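Notes for the structure review
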Amino acid sequence: MNIQKNISLKPYNTFGIDVKAHSFVEITGLLQLQKILQLSSYPERFVLSGGSNMLLTKDVEALVLYINVKGKSIVQETEDTVVIKAMAGENWHQLVLWSLEQGFGGLENLSLIPGNTGTAPIQNIGAYGIELKDVFVSCEAMDIATQELVEFSKEDCRFGYRDSIFKTAKKGKYIITSVSLQLTKRNHKLLTFYGAIEDELKSKGVVHPTINSISEAVIAIRRHKLPDPSELGNSGSFFKNPVVSKKTFDTFFKKNPNAPYYSLEDGTYKIPAGWLIEQCGFKGKRFGDAGVHEKQALVLVNYGNASGAEILALAHQIQEAVQKQFKIKITPEVNIIR
Ligand code: EPU
């Protein structure tokens, strides 16, 4: 089984928080996962994969299951579309690049998102006009209690904005082992309406965009705006963009007529948390080794040796300031492990 003792989790979380796992095991196969879950000596488990959407605030006493099951294949194909299946431990961006190499469209706008494929459905990853749910077919997950493999359809997953059943009703009950996605082989649906993509393509002189040029544009935008976790610890957007009622929005907008916003189909409004945080004066600020990124205020960063508690304290300070100045509540997008 090779259960390691007292190892640092710093290399296993993109925030680069240095906490210890009392016990840790790397999972490379499904049978191994089943066996580990049957061990009565480790009744508490903590599931970790890409470690890109979590803030660790203390040592982990539960057995850390580092999900590193690899493999990807084409499972269905028609003239126009293809369904690919990727195991949970496949790095998300490598999967996007692989799909582009095959000439498959659908993932280009989701280029360069840190993390692994198995965790993508949990928070329904999204960027530049698309969310995972738009290409998602199904996923397989192991029931932690029975060790059975269960299939979840798109409907079963109840996807929402950075949300799914794996964050709500089924939280902590399953380990996602693979994800199946439907992509296009031709007549790709190119999504370039997101302002920054159009500008980036224009600046590169691209007149007829392709899935590859869109991917390159997204990569360039992300590299410019978002810190690379291998250089500066972070977990992407720390907060979700708040969604408010029309009444709250009207009051807010009267006082802040220059604020960016998106009106949603259901009559509510999404306000960029990055803008709110910037207005409160936090952008680029540093408190010890915890900070707010200089180019995107929605991203909290670890300059080296910040503890999870320090990052969390900064997050609380930001939430309070936004609440005080705008009367709007912002909530974390990252999973805070206490
Ligand atoms: N803004 C500011 N100041 C800032 C940051 C943003 O004023 O410091 C303003 C921008 O000028 C723009 C608006 O806020 O008007 C939106 O900014 P941006 O396009 O950068 O997107 P976002 O809403 O801040 C979301 C996702 C990102 C995703 C981008 C692009 C969430 C929580 N975040 O950020 O996702 O890459 O859109 O689609 O929805 C992530 O989830 O980890 C992530 C990086």
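Anyway, here's the lowdown on the structure attached to this text. Quick caveat: nothing in here was measured; it's all calculated off a predicted structure.

1. Examining the overall build of the chain
- For the chain, the helix and strand inventory stands at eight helices and 20 strands.
- Relative to a compact globule of 338 residues, whose C-alpha radius of gyration would be 20 Å, the chain shows 20 Å and is just as compact.
- When its C-alpha atoms are laid out on the principal axes, the chain stretches across 60 × 50 × 35 Å.
- Residue burial in the chain is summarised as follows: out of 338 residues, 49% are buried.

2. Examining the sheet that holds strand E18 (residues 290-292)
- Read from one edge of the open sheet, four strands run E13-E19-E18-E17, paired in antiparallel fashion. Only two strands of the sheet have a single partner each, and these edge strands are strand E13 (233-237) and strand E17 (286-287).

3. Overview of the layout of surface pockets
- A volume near 1,300 Å³ is recorded for the largest pocket.
- The wall of the largest pocket is formed by 45 residues, among which Gly-126, Ala-127, Arg-162, Tyr-194 and Asn-241 lie closest to the centre.
- Among the elements of the structure, strand E8 (126-127), strand E9 (130-131), helix H5 (211-225), E13, strand E15 (262-263) and helix H7 (273-279) are those that each provide at least two residues to the lining of the largest pocket.
- The greatest single-element share of the lining of the largest pocket, amounting to four residues, is contributed by H7.
- Tallied by class, the residues present in the lining of the largest pocket amount to 21 nonpolar, 13 polar and 11 charged.
- When residues of the lining of the largest pocket are sorted by domain, at least three fall in each of domain 2 (72-184) and domain 3 (233-337).
- Roughly 950 Å³ of internal volume is contained in the second largest pocket.

4. Overview of the site of the ligand
- Within the structure, the ligand sits among 24 residues, and Tyr-128, Tyr-161, Lys-225, Glu-278 and Gln-296 are positioned closest to it.
- One of the backbone N or O atoms of Tyr-128 is found 2.7 Å from an oxygen atom in the ligand.
- For the ligand, whose accessible area on its own is 820 Å², the fraction buried by protein is 82%.
- Judged by the proximity of its atoms to the pocket grid, the ligand belongs to the largest pocket.
- At the level of elements, E8, H5, E13 and H7 are the ones that each hand at least two residues to the shell around the ligand.
- With three residues, the single largest contributor to the shell around the ligand is H7.
- Class assignment of the residues belonging to the shell around the ligand gives a composition of 11 nonpolar, six polar and seven charged.

5. Overview of the environment of Gly-118
- One can find Gly-118 in the loop between helix H2 (92-101) and E8.
- On the accessibility criterion, Gly-118 (6% relative accessible area) is buried.
- For the pair formed by Gly-118 and Glu-140, sequence separation is 22 residues and the distance between their alpha carbons is 9.3 Å.

6. Digging into helix H8 (residues 308-326)
- Over its 19 residues, H8 runs 27 Å from end to end, which matches the ideal 27 Å to within 8%, given 1.5 Å per residue.
- Where H8 is concerned, the buried positions are Gly-308, Ile-311, Leu-312, Leu-314, Ala-315, Ile-318, Gln-319, Val-322 and Phe-326. For H8, the angular spread of buried residues about the axis comes to 160 degrees, placing them on one side. Structural note: H8 exposes Glu-320 and Lys-324 on the side pointing more than 90 degrees away from its buried face.
- At the C-terminal side of H8, Lys-327 shows a positive phi close to 60 degrees.

Analysis parameters
Residues numbered from 1 in each chain as written. Predicted model: local features only at pLDDT ≥ 70, side-chain atom pairs only at ≥ 80, totals over all residues. Heavy atoms only, no water. Helix = DSSP H or I, 4+ residues; strand = E, 2+ residues; numbered from the N terminus. Rg over C-alpha atoms; globule rule 2.2 N^0.38 Å. Buried < 20%, exposed > 50% of the residue type's maximum accessible area, 1.4 Å probe, protein only. Pairing = 2+ DSSP bridges. 1 Å grid on protein atoms, 1.4 Å probe; cavity = no way out; pocket = protein on both sides within 12 Å on 5 of 7 lines; lining within 4 Å. Points joined across faces, edges and corners; volume = space filled by probe spheres on them. Nonpolar A, V, L, I, M, F, W, Y, C, P; charged D, E, K, R; others polar. Domains from an automatic or database assignment. Near = heavy atom within 4 Å. Polar contact = N/O pair within 3.5 Å; in protein donor to acceptor, adjacent residues only side chain to side chain. Areas by Shrake-Rupley, 256 points an atom, 1.4 Å probe, with all protein chains shown as cover. Sits in = over half its atoms within 2 Å of the grid points. Expected span 1.5 Å × (residues − 1). Arc of directions from axis to C-beta.

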